[in-house]
Amino acid sequence: NVFRFENCENLELTNLNMGHIEGATCSSGVVTINDCRGVTMRNTILYGCGEVGLYLNNTSDFAMNNSTIHQCSERALMIDAYQGNSTGPVFNNCGFVNCANGIMVGEGTTGTIFNNCTFTDNKGTLFWLESPIVLNNCEVEHHTNDEDGNPLITRNGGTWETDFGDAT
């Protein structure tokens, strides 16, 4: 990982541009935040061949504001993919752009909110949801289709869906 934070409290990351070299391959993410409380990312850009732009695990009171995650080789954002219990992650005015997949929210996560965010030019499954999310005034542009030509927006529990049936 470019940065990994563990057991932090009241952490603020502002005006950072972080990523992996474009065109390379690697098996690490850009930023991992594990077992932290009160984390704010502001005016931050995460990018590159890193598998995941941002990974949150067992983190509470996280906010990402006016930031962009783009061109990640595996996924833009993962929250509690491996049985964490994050509470209240909020994303305000953020862009999730041109990643191999979009957003994965694990089963233990509660209170995930996206306000005024854009999801554009991502490939694969845009939302893999094991817990509900809230999208407020967000723009979703996704052009990956199933075998019948229907847009693939969400995947939950191995079942492909063409709507936000499991999301709020």
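Residues numbered from 1 in each chain as written. Predicted model: local features only at pLDDT ≥ 70, side-chain atom pairs only at ≥ 80, totals over all residues. Heavy atoms only, no water.

Enquirer: What's the story with the sheet that holds strand β5 (residues 37–42) in this structure? I'm lost.
Expert: Within a beta sheet, neighbouring strands are joined by backbone hydrogen bonds and run either parallel or antiparallel to one another. Read across the sheet, six strands follow the order β2-β5-β8-β11-β14-β17 without closing on themselves; strand pairing throughout is parallel. The open sheet has two edge strands, β2 (9–14) and β17 (133–136), and neither has a second partner. For this sheet the average axis-to-axis angle between neighbouring strands, irrespective of direction, equals 10 degrees. When β5 meets strand β8 (residues 60–65), the two strands line up parallel, connected through five bridges. Looking across to β8, one finds that R37 is bridged to S60. (Pairing = 2+ DSSP bridges. Helix = DSSP H or I, 4+ residues; strand = E, 2+ residues; numbered from the N terminus. Axes fitted to C-alpha atoms, helices over the stretch in contact; angles between N-to-C directions.)

Enquirer: Explain the sheet that holds strand β6 (residues 45–47) to me, please; I cannot follow it from the model alone.
Expert: With parallel pairing, the six strands of this open sheet are ordered in space as β3-β6-β9-β12-β15-β18. The open sheet has two edge strands with one neighbour each: β3 (17–19) and β18 (139–141). For this sheet the average axis-to-axis angle between neighbouring strands, irrespective of direction, equals 10 degrees.

Enquirer: Please clarify how the nonpolar core should be interpreted in this entry.
Expert: General note: in soluble globular proteins, nonpolar side chains tend to be found buried as a group. Ranked by size, the top nonpolar core spans 34 residues in total, and within it I33, M41, L54, F91 and F96 carry the most contacts. Those elements that provide at least two residues to this core are β2, β4 (31–34), β5, β7 (52–57), β8, β10 (75–79), β13 (103–105) and β16 (127–129). Sort the elements by how many residues they give to this core and β10 lands first, with three residues. If sequence neighbours within four positions are ignored, M41 has contacts with L13, M18, V31, I33, L46, L54, F62, A63, M64, N65 and S67. Formed by five residues, the second largest nonpolar core is a distinct cluster that contains V52, Y55, M78 and M104. (Core = buried A, V, L, I, M, F, W, Y, C linked by side-chain atoms within 4.5 Å. Buried < 20%, exposed > 50% of the residue type's maximum accessible area, 1.4 Å probe, protein only. Contact = heavy atoms within 4.5 Å.)

Enquirer: Is there a simple way to explain the environment of R4 in this structure?
Expert: Tracing the sequence through the fold places R4 in strand β1 (residues 3–6). Taking C-alpha positions, R4 is 4.7 Å from T32, a pair spaced 28 residues apart along the chain. For R4, the residues in contact, after removing those within four places along its chain, are T32 and N34. One polar contact links R4 to E6, side chain to side chain, over a distance of 2.6 Å. (Polar contact = N/O pair within 3.5 Å; in protein donor to acceptor, adjacent residues only side chain to side chain.)

Enquirer: Please explain the pairing of β5 as it appears in this structure.
Expert: Within a regular strand, side chains alternate between the sheet's two faces. Direction of pairing for β2 relative to β5: parallel, over a ladder of five bridges. By the bridge assignment, T14 is partnered in β5 with R42.

Enquirer: So what exactly am I meant to see when it comes to the pattern of salt bridges here?
Expert: Once their charged atoms are close, side chains differing in charge can pair, the charge on each being opposite to the other. The full count for this structure, using the stated rule, is three salt bridges. The shortest N-O distance in the salt bridge between E6 and R4 comes to 2.6 Å. (Salt bridge = Lys/Arg side-chain N within 4 Å of Asp/Glu carboxyl O.)

Enquirer: I tried to follow the side chain of T40 on my own but got confused; where do I start?
Expert: By secondary structure assignment, the location of T40 is in strand β5. Those residues in contact with T40, other than ones at most four positions away along the chain, are L11, E12, L13, A63 and N65.

Enquirer: Would you mind going over the packing of aromatic side chains with me for this structure?
Expert: When we look at a pair of aromatic rings, we describe it by the centre distance and by the angle of the planes. This structure, assessed with the given rule, holds eight aromatic pairs. Geometrically, the ring pair formed by F3 and F5 is stacked, given 5.7 Å between the ring centres and 20 degrees between the ring planes. On the basis of relative accessible area, F5 is assigned to the buried category, the value being 15%. Ring geometry for F96 versus F114: centroids 5.8 Å apart, planes at 80 degrees, classification edge-to-face. With a gap of 18 residues between them, F96 in strand β12 (residues 95–97) and F114 in strand β14 (residues 112–115) connect regions that are remote in the sequence. Judged on exposure class, the residue F96 and its partner F114 are both buried. (Phe/Tyr/Trp six-rings, centres within 6.5 Å; stacked < 30°, edge-to-face > 60°.)

Remember, this is a structural readout, not a statement about activity or role.
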